[in-house]
Amino acid sequence: MITKLSVRPHVLVLALGLATSFAPTAWAKTVKVEMTVKEVEIQVDNKGTKQNMWTYDGTIPGPLVRVTEGDVVDFSLTNDAANKNSHSMDFHAAIVDVLDEFAEIKPGGTKKFTFEAKYPGVFIYHCGASAMVEHIARGMYGVIIVDPKEGFSKKFPKPDREYVLVQGDLFREGTSVDDLLDGKNWVGSLINGRVFKYDPVHDQDATQTLQAKPGERVRFYYVNANVNDPVALHPIAGIWDRVYDHGNPRNVSEGVQTFTIPPASGAIFDLVPPANRPTNNAIVDHAMRRALRGAISVLMTNDEADPTLGRADKLILR
Ligand SMILES: [Cu+2]
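Everything in this summary refers to the structure shown in the same document. What you see is a predicted model, and the numbers here were worked out from it, not measured in a lab.

About the criteria used
Residues numbered from 1 in each chain as written. Predicted model: local features only at pLDDT ≥ 70, side-chain atom pairs only at ≥ 80, totals over all residues. Helix = DSSP H or I, 4+ residues; strand = E, 2+ residues; numbered from the N terminus. Rg over C-alpha atoms; globule rule 2.2 N^0.38 Å. Buried ≥ 20, exposed ≤ 12 C-beta atoms within 10 Å, placed from the backbone. Contact = placed C-beta atoms within 7 Å. Core = buried A, V, L, I, M, F, W, Y, C linked by C-beta atoms within 7 Å. Domains from an automatic or database assignment. Pairing = 2+ DSSP bridges. Axes fitted to C-alpha atoms, helices over the stretch in contact; angles between N-to-C directions.

1. Structural notes on the overall build of the protein chain
Next, step 1: Counting secondary structure elements, the protein chain contains 3 helices and 20 strands.
Next, step 2: The C-alpha radius of gyration computed for the protein chain amounts to 20 Å, which stays within 12% of the reference 20 Å derived for 318 residues, consistent with globular compactness.
Next, step 3: Considering only C-alpha atoms, the protein chain reaches an extent of 70 × 55 × 30 Å along its principal axes.
Next, step 4: Looking at the protein chain as a whole, 40% of its 318 residues are labelled buried.
Next, step 5: Put simply, 69% of the contacts in the protein chain that link residues at least 6 apart link residues at least 24 apart.

Written out as structure tokens, the structure reads:
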């Protein structure tokens, strides 16, 4: 993925008939994003079980796209010639034409389109090719964060760490489209592509946890890529200090225990663990069926926390 290749003045304010002129009030970028659809066999749990999945760039979720409100995304999707199926890209951060920009492309084809990221927030992107349920269930989704152009404020404080978590469904391989629609052969919940990926408490094969230091503001960008089910997100042994519905700083709630994320949506969750002691939280979809089959992630908070996690290129821990 290529990002931030060029910068252009986006807002040009002209003084129409007035003696005074105005300097540009904002500068937006054109952000080039390129992805390739790959139909690949990849690992879906910590043990090493593999399934034939469909992906953006070979990973579940696909690459994290991050822009600032007002930026133009210059997007290009290639459907690898080795693939068997048509695919597409539906950015929920885009306001375009479903029959044009989001149209399917055949194996070997490339499609380009641009859109302006007009609203700040955390948005899903996913494949919309037919049957959409199968393309999403096989892993064709990812996240685009649109940071607010105003930046940080008292209402939207700067976090110390940021983690991106995407929850999706895992079905038995070969499940038919009708059974996917009916939720049959559902076997578990994927967090960033694996069952219990960051939960060594429930899965002894898990090797990773989310980490922070006591008192740090930890910001979670949580996206629901389930085909049918909402997510009921709760930080066990904590309370969400703030929740920004859809990730828009204007949509703020404080002191939240459990927050619902509909399918194909997302929200920002801030957690501030105690500053005076080491603690642990379990970030859980509190619907037990999904929690105990994969949708729990452990946040360990102590002074030994790895300073690189939740920063720079480690927002999605692969
Ligand atoms: Cu697809």
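Moving on, there is more to tell.
2. A short note on the environment of Thr175
Next, step 1: Along the chain, the position of Thr175 falls in the loop between β10 (161-171) and α2 (177-182).
Next, step 2: For Thr175, a count of 19 C-beta atoms within 10 Å gives the class partly exposed.
Next, step 3: As for Thr175 and Glu134, which are separated by 41 residues in sequence, their C-alpha atoms are 8.9 Å apart.
Next, step 4: Residues contacting Thr175, with those up to four places away along its chain left out, are Leu180, Lys184 and Asn185.

3. Describing the environment of Leu170
Next, step 1: In this structure, Leu170 sits in strand β10.
Next, step 2: Put simply, Leu170 and Val272 are 102 residues apart on the chain and 31 Å apart in space, counted from C-alpha to C-alpha.
Next, step 3: Dropping the residues within four chain positions of it, Leu170 is found in contact with Val44, Val187, Gly188, Ser189, Leu190 and Val195.

4. With respect to the nonpolar core
Next, step 1: Among the nonpolar cores identified, the biggest contains 74 residues, and Val143, Ile144, Tyr221, Tyr222 and Phe269 are the most heavily contacted of them.
Next, step 2: Residue contributions to this core peak at 6 residues, all from β10.
Next, step 3: Formed jointly, this core draws a minimum of three residues from each of two domains, domain 1 (6-147) and domain 2 (161-301).

5. Some details on the sheet that holds strand β17 (residues 259-261)
Next, step 1: With mixed pairing, 5 strands are arranged side by side in an open sheet as β12-β20-β19-β14-β17. Looking at the sheet topology across the chains shown, the edges are occupied by β12 (210-212) and β17. Going across the sheet, the axis of each strand differs from the next one's by a mean of 25°, ignoring polarity.
Next, step 2: Pairing between strand β14 (residues 231-236) and β17: 3 bridges, direction antiparallel. Paired with Ala232 across the two strands is Thr260, which belongs to β17.

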